[in-house]
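# Coordinate inspection notes
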Amino acid sequence: MPHQDMPMDVVSRLSHRPLDVLWSVIKIIIRDPPKPSEVNFQNRASSLGILGRLPVELLHEVLKNLDFQSIIRFSSVSIQGKCVSSSLSAYRDTMNHAPDALSALSQTKLLHLHSASQLHNALRSERCATCPEYGVCLFLPTCERCCLQCLGLNPTRRVITVWDAIETFALSPEMAKQLPGTFSYPVIDDDQLGHYPPPNPRELVSISAAKDVLVSIHGSAENAIEAIRRRKSYEQNAGEVSRLRALLSDSTGVNTLMLPYYGNAGPPVNWSSWAVILFPSFSPPDIVEHGVWCKGCAYIFNKDLWLPDHSIPNIVPTGWSPNHFLCGMLSRAYSRTGLSAHIPHCAGAQQLLIDQAAPKA
């Protein structure tokens, strides 16, 4: 069935949002997100001083390059400042459709690092920043979209403690001070879901931030690895070098299902689940996507042991572990349009359609 002709009721029947999967990887729970305030734009005198002489369009160009904290301060200066801020599409769209992201960035002390334009661009996009798939999450340290597969497999989406970064990459105290985007996870209380913040809040940093510092100092990832080898004196330890090369590799644009699994490559604890939040995508005038998952992929994953051997090559690419591939497909999110395009190629979805069309006994 061509995906452009796929009835939306079929897409709805074959889609779901697996909360058990989401709650296992997303740890930040937002309560009482900020709400946009209503402002009367009519008959308001300018009180921005000399800035009031500038066209609104020019003020918007300036504001969208500021972070949300600065925009909020600007909006509190005067009624006219509030009007200008509230009419900025980056501010309005984010407050209307993604207030949780602002709360999460505020709780992790990262809100001041990202411009309103950067956050708005992420909201207006769908694609994961490091692979071709739909990014259902916002990776807070970089304010970029992220899919669940990249969160678990892509080295650039690993999050570690600053201490682990110092130990793993042999950073000097001066290098450690250069680490951008360090943050602490938000302390929350979520007894109902059973998610508890770890004890003793820690300062965290992304692997990508550590890599940026290393490359800026040494010129390249390979030069950085050589420098780390010299500082840590393990020239003969091939396993450690392979681990470093895996952590500092550039996997941007690669299908995450095709990435090799490195197991426990890297520091002992990966805190990436404390650095992401579910993030909608918005397309004007009023299309908001929250991401859906394919019931057919879940069906195939649960029936993996039942599948006949001859059907595996039709589902899993040659040379790849069926469990690794099917587990990745299980966690892959789609927009509704993307799921519509996926369904005709999903063996599980096709089987579910056959089952649903069969007369009930």
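Computed from a predicted structure; not experimentally measured.

Quick look at the sheet that holds strand E7 (residues 276–278) now. The strand order across the open sheet formed by three strands is E3-E2-E7, and the pairing between neighbours is antiparallel. Each end of this open sheet is capped by a strand with a single partner; those strands are strand E3 (144–146) and E7. Strand after strand, the sheet turns through a mean of 35 degrees between neighbouring axes, direction not considered. Across three bridges, the pairing between strand E2 (residues 137–139) and E7 is antiparallel. Residue pairing for E7: Phe139 is matched across the bridge by Val276.

Attention shifts here to the confidence of the model for the protein. For the protein, per-residue confidence averages 80 on the pLDDT scale, and 77% of positions sit at 70 or higher. No element of the protein has a lower mean pLDDT than helix H2 (residues 19–25), at 72, and none a higher one than helix H8 (residues 116–123), at 96. Confidence over residues 189–196 falls short of pLDDT 50; this stretch has 11 contacts with residues more than four positions distant or in other chains.

Tracing the sequence through the fold places Gly338 in helix H17 (residues 336–342). Put simply, Gly338 and Val292 are 46 residues apart on the chain and 9.4 Å apart in space, counted from C-alpha to C-alpha.

This brings us to the pattern of salt bridges. This model, assessed by the stated rule, comprises five salt bridges. Between Arg13 and Asp9 there is a salt bridge, and its shortest N-O distance comes to 3.1 Å. Here the residue Arg13 and the residue Asp9 both occupy positions in helix H1 (residues 8–13), the gap between them amounting to four residues, near one helical turn. On the accessibility criterion, Asp9 (46% relative accessible area) is partly exposed. Note that Arg229 and Glu226 form a salt bridge whose closest N and O atoms lie 3.2 Å from each other. One end of the pair, Arg229, and the other, Glu226, are both in helix H13 (residues 221–232), three residues apart, so they sit about a helical turn from each other.

Moving on, we get to unusual backbone geometry. The omega torsion across Pro284 and Pro285 is 5 degrees, close enough to zero to call that bond cis. Positioned with a positive phi, Lys109 is a non-glycine residue whose angle comes to about 65 degrees. Its place among the elements puts Lys109 in the loop between helix H7 (99–107) and H8. Judged by its relative accessible area of 59%, Lys109 is exposed.

Topologically, Cys83 is positioned in helix H5 (residues 79–86). On the basis of relative accessibility, which here comes to 5%, the residue Cys83 falls in the buried class. When the C-alpha atoms of Cys83 and Val56 are compared, they prove to be 9.9 Å apart, with 27 residues separating the residues in sequence.

Rules and cut-offs
- Residues numbered from 1 in each chain as written.
- Predicted model: local features only at pLDDT ≥ 70, side-chain atom pairs only at ≥ 80, totals over all residues.
- Heavy atoms only, no water.
- Pairing = 2+ DSSP bridges.
- Helix = DSSP H or I, 4+ residues; strand = E, 2+ residues; numbered from the N terminus.
- Axes fitted to C-alpha atoms, helices over the stretch in contact; angles between N-to-C directions.
- pLDDT = per-residue confidence, 0-100.
- Contact = heavy atoms within 4.5 Å.
- Salt bridge = Lys/Arg side-chain N within 4 Å of Asp/Glu carboxyl O.
- Buried < 20%, exposed > 50% of the residue type's maximum accessible area, 1.4 Å probe, protein only.

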